[in-house]
Amino acid sequence: MAGEGQRSLLRSEAEERAARLRVASVQVELDLGDATGATFTSRSTVTFSCRDPEPGGETFADFRGESLLAATLNGVALPEGAWQQGRLRLTGLQRDNVLVVEGVMTFSSDGEGLHRHFDPEDHQPYLYAMSFLDAAPRWFACFDQPDLKAHYELHVTAPPAWTVIGNGSSEALGEGRWRIAPPEPLSTYFVTLVAGPYASVYGEHDGIRLGFHVRGALADQLRAEVADLQTVTAQCFDYYHQLFGTRYPFGEYHQAFVPDFNAGAMENPGCVTFRDQFIYRGRATRAERGRRAGVVAHEMAHQWFGDLVTMRWWDDLWLNESFAEYLAHRCCAAATAYDDLWTEFGVVRKDWGSVADQSPSTHPIAGNGAPDATAALQNFDGISYAKGAAVLQQLAAYLGEEVFLGGLRDYMRAFAFGNATFADLMAAWTAAGAEGLEAWAEAWLLTTGMDTLDMAGLPPELTVAAHPPPGQAPRPHAVSVGAVSADGKVLARTPVTLLGGSAVVPVPTGTVLVVPDVDDLTWAKVRFGPHGWSDVAAVAPNLRDQTAVVVVTNALRDAVRDGSLDPAAALDLVCTLVPEQPHELVCSQLLIFAQDSLAGPYSHADERFARRARVAATAEALLAGSEPGSDRQLVAFKLVVRSAVDPLRLLPWRSGQALPPGLELDPELTWSVVERLAGLVDRPELLTAALAEDPSASGRVHAARARAATPTAAAKAAAWQLIMNPSELSAYELYATASGFFVPGQEALTAPYVWRYFDEIAATARFRSGWSLDQVAGLAYPGQSSTQETLSAAEATLATDLVAPLRRALVDGTDRLRRAVTSLQRY
């Protein structure tokens, strides 16, 4: 293949192309008539103009096919050798040009390009295109950068019984032929196609045609879920129409729930793709549907912020994701039944972001430069999402609604269907009346790490202060300081603005615990004074205030990670907090942290079983105290299964016996029991029977994880072969195998593979790339082996030459390992 050794687009190259070229239209013709083979044909006709074409001037287009069949520029065939490293060299440019490229492309199995999934239930192929971040040239030739928008037209040949949809309305032209013509110009990275024997449900809201699509095996589940999806979709449209002051501009709105999807979802205009786990195969809790509503709202926010107005270059990718994250939670809280989604933001999303912000791989929210597309992808993390959203929440409070929304609406109108930068948005806010934005941006967007909010002094007056990371100035924080009594009630919430210093806060009589940022409004580490954890322990059994609990939960996890809280004391607090907490998501997050960290790498080997047993006992107490048939019972049951240390507790449940009243097994609950049993005992007949009952794609993923977790030398050897070598597994099965390998309690069995991981992981870059390379390396990281010897091996590997996705996965994994080793040495 002449395109081997693909080069990542440099920012300087993108700027040069954008200065010279304007792309008018791209017509893509795809022949998918035989979707069972390894390849398909793609023909692109790109009409573009060149400003001031110079004699001898040249540029390049992007094409990453299997083979090039033909390529012409203005009717003249490109010379031999014009296709190198995924690029087509174009010379002899005229003012107006037509590039035609025809090639053989490969169906992907890694969730990028034109992905193909063969469903094991109906034995049919299901296709979808994922063009982000630079995968568009894997299925059509183009100028692949966000600021060369164009009008697109897709002509697709496929089996006549298929559903074929994309960024615009799909017009059937005849037997097995479709035309899709999006109404507005698009960037390459969100051009998509969804094709296959998908099952669909259609609707309409406010003149917008809605479509919901799943593979055929999930048709019944879609019918069960579609009412909630339609309601949330309609509520989000109404909210965003009012918020942005501009109607949704992309015609129809399809939401396709597709298999093997790497991300949570992708905001393709008019045709959003989601991972199909959002169409539940079993009973779902309100919190799970709330999370799905948040993703629906997030992707819809992108239709304006990201799709209508698109970043000029990838260094402003944070702005897309931060805004969508912030607006989604704001939308759900204001417009949907899931009005407590800010709890999920606090206890899940902010924790994700804070871990990233304290890792050696941390980076500023903005201003990262992103010298090429590959570098940009490495900063697509919890900082870009959660930290950015928290900072925007602070900015909205600082500017006020009138200025914040007024500037946002002016920005949308000024740059609609084009590209813009963060500087353009700052200018719009300034024109709307904002002051001091440069200082705010300098403090929050161009720095790394987290301030620590802490308390000092004695009642009746205490001092709250913000302590910045070494070498930095403290950032401004607008918070409420909460005074908590022994019975867990918040006696007072005192608004405080910290502008680089400290503030004195009066506290009422009866205060036992003082919580800086009790309403979880800022981005900071929180501590509770010199005796703070003793004070937390005193109120923990009675603490019910939701945001206060979120702040305490995040502070507890963070203090363990930075070595300022003994993991044994943290486990005591978790076991005290969990049984009485009203919000199931908080209970779940605390017990998962206890099992995966406090009873894992943050405990010595001889302590781990006892700690796991204590986690299991706490989960059992939660289950015993739950109302039959409630969400709380379902969450508690999952936690009991997840933390079980005795297979005899689970074996009756596998056959549906002795289940808690009001609870019935569904496919997902059944697999949770089977997976946990697989990690405890070698009973291959349990796995065989489960797969016979559920031979679906999801069943295969669960089976892959269970096989990897099986405590035998043969099972580990087979799983290792799949992790460290090319395989025919689907992406999800591969990720499941990686995540199931290093199981707590199997340290002796897996000890030889700790060293092999560091010896062999670099070689996986020869046959994996992008998302899959990063995911497998991260999921298979031997973080349970929290010894100095493992840390030394990790650091030695990091001292070698690693490709960017591998280096990021190992840097983050090694930081987590180093923190655990440091904690074990200290306590």
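Here's a quick rundown of the structure.

Scoring rules and cut-offs
Residues numbered from 1 in each chain as written. Predicted model: local features only at pLDDT ≥ 70, side-chain atom pairs only at ≥ 80, totals over all residues. Heavy atoms only, no water. Helix = DSSP H or I, 4+ residues; strand = E, 2+ residues; numbered from the N terminus. Rg over C-alpha atoms; globule rule 2.2 N^0.38 Å. Buried < 20%, exposed > 50% of the residue type's maximum accessible area, 1.4 Å probe, protein only. Contact = heavy atoms within 4.5 Å. Areas by Shrake-Rupley, 256 points an atom, 1.4 Å probe, with all protein chains shown as cover. Lys, Arg positive; Asp, Glu negative; His and termini not counted. Charge placed at Lys NZ, Arg CZ, Asp CG, Glu CD. Phe/Tyr/Trp six-rings, centres within 6.5 Å; stacked < 30°, edge-to-face > 60°. Lys NZ or Arg CZ within 6 Å of the ring centre and 35° of its normal. Salt bridge = Lys/Arg side-chain N within 4 Å of Asp/Glu carboxyl O. Core = buried A, V, L, I, M, F, W, Y, C linked by side-chain atoms within 4.5 Å. 1 Å grid on protein atoms, 1.4 Å probe; cavity = no way out; pocket = protein on both sides within 12 Å on 5 of 7 lines; lining within 4 Å. Points joined across faces, edges and corners; volume = space filled by probe spheres on them. Nonpolar A, V, L, I, M, F, W, Y, C, P; charged D, E, K, R; others polar. Pairing = 2+ DSSP bridges. Axes fitted to C-alpha atoms, helices over the stretch in contact; angles between N-to-C directions. Polar contact = N/O pair within 3.5 Å; in protein donor to acceptor, adjacent residues only side chain to side chain.

### Some words on the overall build of the protein chain
- Each helix and strand counted, the protein chain has 26 helices and 29 strands in total.
- In terms of overall dimensions, the protein chain is globule-like: its C-alpha atoms have a radius of gyration of 27 Å, near the 28 Å expected for 827 residues.
- Projected onto its principal axes, the C-alpha positions of the protein chain cover 80 × 70 × 55 Å.
- Going through the 827 residues of the protein chain one by one, you find that 59% of them count as buried.
- Residue pairs in contact within the protein chain that sit at least 24 positions apart in sequence constitute 72% of those at least 6 positions apart.
- Surface accessibility of the protein chain: about 29900 Å² in total, with carbon and sulfur atoms responsible for 53%.
- Placing the 66 positive and 99 negative side-chain charges of the protein chain at their respective mean positions leaves the two points 2 Å apart.

### So, the packing of aromatic side chains
- Enumeration according to the criterion identifies 47 aromatic pairs in this entry.
- Seen from their ring centres, Tyr-240 and Phe-244 are 5.8 Å apart, and the 35° between their planes marks the pair as tilted. With Tyr-240 and Phe-244 both in helix α2 (residues 219-244) and four residues apart, the pair spans about one turn of that helix.
- On the basis of relative accessibility, which here comes to 0%, the residue Tyr-240 falls in the buried class.
- Residue Phe-244 is classed as buried on the basis of its relative accessible area of 0%.
- A connected cluster of aromatic rings, assembled from ring pairs, spans Phe-237, Tyr-239, Tyr-240, Phe-244, Tyr-248, Phe-250, Tyr-253, Trp-304 and Phe-417.
- Across from the ring centre of Trp-444, 5.8 Å away, lies the NZ or CZ of Arg-475, which sits over that ring.

### Details of the pattern of salt bridges
- Tallied over the entire structure, the rule returns 53 salt bridges.
- Salt-bridge contacts for Arg-43 lead to Glu-29; the nearest nitrogen and oxygen are separated by 3.2 Å. In this pair, Arg-43 sits in strand β2 (residues 39-50) while Glu-29 sits in strand β1 (residues 21-31), placing the two residues 14 residues apart along the sequence.
- The closest approach of N and O atoms between Arg-247 and Asp-206, which form a salt bridge, is 2.8 Å. Here Asp-206 lies in the loop between β16 (199-205) and β17 (208-214) and Arg-247 lies in the loop between α2 and β18 (253-258), a separation of 41 residues in the sequence.
- You can call Asp-206 partly exposed: its relative accessible area is 39%.

### With respect to the nonpolar core
- Ranked by internal contacts, the top residues of the largest apolar core, which has 195 residues, are Leu-193, Tyr-240 and Trp-429.
- At 11 residues, the largest contribution of residues to this core is made by α2.
- Ignoring sequence-local partners within four residues, the contact set of Leu-193 consists of Leu-30, Leu-32, Leu-127, Tyr-128, Ala-129, Trp-139, Leu-154, Val-156, Val-164, Ile-165 and Ile-180.
- Counting residues in each nonpolar core, the second largest holds 56 residues, with Val-515, Val-551, Val-560 and Leu-623 among its members.

### Some points on unusual backbone geometry
- The omega angle of the peptide bond from Phe-132 to Leu-133 is -15°, so this bond is cis rather than trans.
- Mapped onto the elements, Leu-133 comes out in the loop between β10 (125-130) and β11 (151-157).
- Geometrically, the link from Pro-459 to Pro-460 is a cis peptide bond, its omega value of 15° lying close to zero.
- Note that Pro-460 resides in the loop between β23 (451-458) and β24 (461-467).
- Phi is positive for Phe-417, which is not a glycine, with a value near 65°.
- Relative to the helices and strands, Phe-417 resides in the loop between α8 (401-415) and β22 (418-420).

### Some words on the layout of surface pockets
- Volume-wise, the second largest pocket comes out at about 400 Å³.
- Elements supplying a minimum of two residues to the lining of the second largest pocket: α1 (11-20), β1 and β22.
- Among the elements that make up the lining of the second largest pocket, the one with the highest residue count is α1 (five residues).
- Considering only residue class, the lining of the second largest pocket consists of 11 nonpolar, five polar and eight charged.

### Quick look at the sheet that holds strand β3 (residues 58-62)
- Taken together, the three strands give an open sheet; going across it, the order is β3-β7-β6, and neighbouring strands pair in antiparallel fashion. Strand pairing shows two members of the sheet lacking a second neighbour, β3 and β6 (83-84), which therefore form its edges.
- Sheet analysis places β3 next to strand β7 (residues 87-91), joined by five bridges and oriented antiparallel. Its bridge partner lying in β7, Asp-62 is registered against Arg-87.

### As for the environment of Glu-435
- Inspection of the secondary structure assignment puts Glu-435 in the loop between α9 (422-431) and α10 (437-444).
- Residue classification places Glu-435 among the exposed positions, given a relative accessible area of 64%.

### Describing the sheet that holds strand β9 (residues 113-118)
- What the four strands build is an open sheet, ordered β9-β10-β15-β12; its pairing is antiparallel. Each end of this open sheet is capped by a strand with a single partner; those strands are β9 and β12 (163-166). Put simply, the sheet's adjacent strands are angled 10° from each other on average, direction ignored.

### A short note on the environment of Asp-34
- With respect to the element layout, Asp-34 can be found in the loop between β1 and β2.
- Take Asp-34: its relative accessible area is 48%, and that puts it in the partly exposed class.
- In this structure, the C-alpha to C-alpha distance between Asp-34 and Arg-177, residues 143 residues apart in sequence, is 13 Å.
- A distance of 2.5 Å separates the side chain of Asp-34 from the side chain of Thr-36, its partner in a polar contact.

### A closer look at empty space enclosed by the protein
- Throughout the structure, instances matching the rule amount to five cavities of 30 Å³ or more.
- Estimated volume of the largest cavity: approximately 180 Å³.
- Around the largest cavity sit 17 residues that line it, and Met-450, Ala-524, Lys-525, Asn-554 and Ala-555 are the ones nearest its centre.
- Of all the elements in the fold, those that place two or more residues in the lining of the largest cavity are α5 (341-357), β29 (524-526) and α12 (546-561).
- In terms of residues, the lining of the largest cavity owes the most to one element, α12, which gives five residues.
- Each residue belonging to the lining of the largest cavity can be placed in one class, and the counts come to seven nonpolar, three polar and seven charged.
- Space inside the second largest cavity adds up to approximately 90 Å³.
- Residues that form the lining of the second largest cavity fall into these classes: seven nonpolar, four polar and one charged.

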